[in-house]
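# Inside the fold
Now for the letters of each chain:
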Amino acid sequence: MDLLKAMAFAAVLTGCVAIVIGSQGTGGGPLAIEAHTLNGIKLYWSWPVFVCGSGLGWGLLLLQR
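Rules and cut-offs
Residues numbered from 1 in each chain as written. Predicted model: local features only at pLDDT ≥ 70, side-chain atom pairs only at ≥ 80, totals over all residues. Heavy atoms only, no water. Phe/Tyr/Trp six-rings, centres within 6.5 Å; stacked < 30°, edge-to-face > 60°. Buried < 20%, exposed > 50% of the residue type's maximum accessible area, 1.4 Å probe, protein only. Axes fitted to C-alpha atoms, helices over the stretch in contact; angles between N-to-C directions. Helix = DSSP H or I, 4+ residues; strand = E, 2+ residues; numbered from the N terminus. Parallel < 35°, antiparallel > 145°, perpendicular 65-115°, else oblique. Left-handed = near helix turned anticlockwise from the far one by under 90°. Contact = heavy atoms within 4.5 Å. Expected span 1.5 Å × (residues − 1).

## Here we look at the packing of aromatic side chains
Counted according to the given criterion, the structure contains three aromatic pairs. Aromatic pair tryptophan 45 and phenylalanine 50: ring centres 5.6 Å apart, planes at 45°, arrangement tilted. For tryptophan 45, a relative accessible area of 22% corresponds to the partly exposed category. Three or more aromatic residues joined by ring pairs form one cluster here, namely Trp45, Trp47 and Phe50.

## What to know about the packing of helix 1 (residues 2-22) against helix 2 (residues 47-63)
One way to put it is that helix 1 packs onto helix 2 with a least axis distance of 7 Å and a crossing angle of 135°. On the basis of their axis angle, the class for helix 1 and helix 2 is oblique. Our pair here, helix 1 against helix 2, has a crossing hand that is right-handed. Of helix 2, the residues touching helix 1 (which contributes Asp2, Leu3, Lys5, Ala6, Met7, Phe9, Ala10, Ala11, Leu13 and Thr14) are Val49, Phe50, Gly53, Ser54, Gly57, Trp58, Leu61 and Leu62.

## Let's talk about helix 1
Its 21 residues place the ends of helix 1 29 Å apart at the C-alpha level, agreeing with the 30 Å of an ideal helix rising 1.5 Å per residue. Of all the residues in helix 1, the buried ones are Asp2, Ala6, Ala10, Thr14, Gly15, Ala18 and Gly22. Looking at the buried positions of helix 1, the neighbouring elements they touch are strand 2 (41-45) and helix 2.

These results come straight from atomic positions and should not be treated as a statement about function.
Structural data, given as structure tokens:
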């Protein structure tokens, strides 16, 4: 259950970081921010940020036990 909570935290974190960096027109280098178009709306996402954010969130949730 902690992993699912961490993944929700990571999704919000990734969305915020990707929107800020991706909307400036850069890929973020090692962050690998990708722009996807869905029905005329640009969505930005980064799998490396999501994976690292999930690990960070999971570690923080485990420390709170």
